[in-house]
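# Fold and contact review
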Amino acid sequence: MVGQFGVGKTSLVRRFVDSIFDERYLSTIGVKIDRKDVTVGSATVTLMLWDLAGEDDLAQLKVSHLRGASGYILVADGCRATSFDKAVELQQRIADQLGPLPFVLVLNKSDLRDRWEVRAAAIAEQGWPTFETSAKAGSGVNEMFLALAGKLME
Amino acid sequence: MPTDADQRPSSPEEPLAELRAILLGPDRAAWESMRQRLDNPSRRAEDVAGVLAEAVRLRSRVHSDVKLRRALQPLLEEALQLSVQSNPRMLADALFPIFGKAIRKAITSELDGMLQSLSQTLEQSFSWRSLRWRWESFSTRKPYAEIVVLRSLLYRVEQVFLIHRNTGLLLQHVAAPAPEGAAETKDPEMVSGMLTAIQDFVRDSVSGADSNLETVRMGDIEVVLAYGPDAILAGFVRGVAPRKLSRVFQDVLDSIERKKAEALHTFSGDTSPFDSCRPQLQACLLGQGKLEKPKSGSWGARALLFGLPSLLLLALLGWWIYSASMQRRWTDFAHRLEGEPGILLTHTENRGSKFYIAGLRDPLAADPVSLLPASLPRDKVEFHWEDYHSLVPRFVAQRRLTELQDQLQKRAFRFATGSAAIPPEQRFLLEDVGSQIISLIQAATALGQTVQIEVRGNHDPVGTEQFNAVLSRSRAENVRAALVTLGVPAARLIALPEDLDKETCSAVREEERMFCRSASFRVTGRVIGAQ
């Protein structure tokens, strides 16, 4: 899970994953690993989620944490256009680093849709599988995991 | 003007050849060129060289196809062998960055192990436990250091994780049966990922790109990590992990890397190819616990093994304490004898079960046997004394007193038949005897003694018994009175008739009877040894 600082990556998964590690791991070593089991067809897929510390002006995404990933979740805050730009930038860097990998774009904070800054046209322009989620309401999160697992299984 | 064709000799094949040239001319040239390329080995090699690299790259993308690798393997091995034979330095230079680092690491690890072992050996060197280990080393003929390592490092490998290095995903996980009170095994998949993340974090942040995190310690738990090209082996160890454990882990991981190289290269989430690695991982669940408690059935053997020597030891200890105590008493006794006047010790020693004392002893000195304390039995001491005269003043005075006493008791006054009067020729003896008695009294007084002198009258067989009894008393009283007259204290002189217990004088001749008519002296009332 990658995205700009403060887009709600950790909040997004907090209620939906199994975790044994404290969230302080994120601020100390920059990553926290969670687990999410989803069922795709008749198969159970275990997703090991590397929740990476958000990138901002000071902290750069650790590329070493992306090594070996099977897929990724780009998270942006619908209320912050810059977070979407960052997601686009990160997608490009990851693609350069790891080649084409399955991924989904998550636009978080759908419960505040009336305040969204990210334009629908900009999203459609990318042509990525996109999910609108609300960490607060819990909507769209399971669908997003299910879709990613499906793409990984393809 | 005639053409060339006109000049060529006509032949039935010519039209066919011309036709062939018209129809196939350009292709024939190409075929000819192709034939020459195929027939010419050098040109063919040039062609292959142009596409070889790309062909190998394309083939290597097909992971499941191992034919190319198998075909190249013997060639590469032979090429390496030839390279080493012809110019070993080139390969050595190429491998040095890898081997040099590995060798340094191995030496460091070995030194750490030695230091750890040495440190613990020193700590244990002078303990009862170390004595037990030395006995075990002696009885099993194993080096002492090996016994120390085997018995002193208490640890237990509780969990082993085989982790795919590239993805951080868990390939296999084994755990030892959890003892009562042990920590619960948490989600191994997440632990595996987090270990990889921490490894990345440390490498990126602290150690530099080429280093690996080898151990992590938290409380009494230590995580021991071994690294291969495609996998990581991590063991959670409770207690003090011996340095050799890292080597065990590394050997197991190397073996897995060799056997599962293909599966590791092509790993995409399916861990089933690594199920067969579980026995190897379980072999890493090592531990060195406390020594097992003896079985209940071995009490007899234990009693024989430990009880008998203990009893012997106790008996020896008791005997030693008793001997030391007796020796001390004998020594104290010898010191007491040395302080006794008139005794000089020349030699003391233990002779078997007896204590031997030799020396010089004045006959007037105290009897050593009487000085023996009740705690020292008489039959356990053997004395050997040589007589001598001590110059201790008390003994000198004592001897003088005895001498005076002997001299006095040899004196006697003679009397005429039937007479109690001191004959005139005997009177000259009075002063001499008187002075002797006074000297005797003075010598006794100096020694704190009181003496009395009996003056005994004696008679010959002539006359009646009654007459002779009166006569003998009169003779004694006359001598006493004469001596008192000369200054001898009257209280010290007692006049007595003849002692009835004394043998009666039976002399027949006058010369013999003369000796029976006398007054003699006997010293009594002395307190021998009084101060």
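The model shown is predicted, which means the values in this text are computed figures rather than measured ones.

Calculation notes
Residues numbered from 1 in each chain as written. Chains lettered and ligands numbered in written order. Predicted model: local features only at pLDDT ≥ 70, side-chain atom pairs only at ≥ 80, totals over all residues. pLDDT = per-residue confidence, 0-100. Helix = DSSP H or I, 4+ residues; strand = E, 2+ residues; numbered from the N terminus. Contact = placed C-beta atoms within 7 Å. Expected span 1.5 Å × (residues − 1). Buried ≥ 20, exposed ≤ 12 C-beta atoms within 10 Å, placed from the backbone. Arc of directions from axis to C-beta. Pairing = 2+ DSSP bridges. Axes fitted to C-alpha atoms, helices over the stretch in contact; angles between N-to-C directions.

### Quick look at the confidence of the model for chain B
Residues and elements named next belong to chain B. Chain-level pLDDT for chain B is 81 on average; 85% of the residues reach the 70-or-more range. For chain B, helix H1 (residues 4-7) is the element with the lowest average pLDDT, namely 48, and strand E11 (residues 452-457) is the one with the highest, namely 92. For residues 1-6, every residue scores under 50 in pLDDT, and the model assigns this stretch one contact once sequence neighbours within four places are set aside. Among the prediction metrics, the complex's ipTM stands at 0.73, with pTM recorded as 0.45.

### With respect to the confidence of the model for chain A
Detailed reading of the predicted model is not advised wherever pLDDT is low. Summing up the model confidence of chain A, the mean pLDDT is 83 and the portion of residues at 70 or higher is 88%. Ranking the elements of chain A by mean pLDDT puts helix H2 (residues 24-28) of chain A last with 64 and strand E5 (residues 103-108) of chain A first with 92.

### Quick look at helix H9 (residues 244-259) of chain B
Residues and elements named next belong to chain B. With 16 residues, H9 ought to run about 22 Å at 1.5 Å a step, and its terminal C-alpha atoms sit 23 Å apart, in line with that. Considered for burial, the residues of H9 that qualify are Leu245, Ser246, Phe249, Val252, Leu253 and Ile256. For H9, the angular spread of the buried residues around the axis is 130 degrees, confining them to a single face.

### Considerations on helix H6 (residues 128-140) of chain B
Here H6 of chain B is 13 residues long and its end C-alpha atoms lie 18 Å apart, about the 18 Å a rise of 1.5 Å per residue gives. Phi for arginine 141 of chain B, located one or two positions after H6 of chain B, is positive at around 60 degrees.

### Here we look at the sheet that holds strand E9 (residues 381-387) of chain B
Note: strands within a sheet are paired through backbone hydrogen bonds, in either parallel or antiparallel orientation. Residues and elements named next belong to chain B. The strand order E7-E8-E9 describes an open sheet built from three strands, whose pairing is mixed. In this open sheet, the two edge strands, each paired with only one partner strand, are strand E7 (343-351) and E9. Across the sheet, the mean angle separating the axes of adjacent strands is 15 degrees when strand polarity is ignored. Pairing analysis gives seven bridges linking strand E8 (residues 354-361) to E9, with the strands arranged parallel. Within E9, the residue paired with phenylalanine 355 across the bridge is valine 381.

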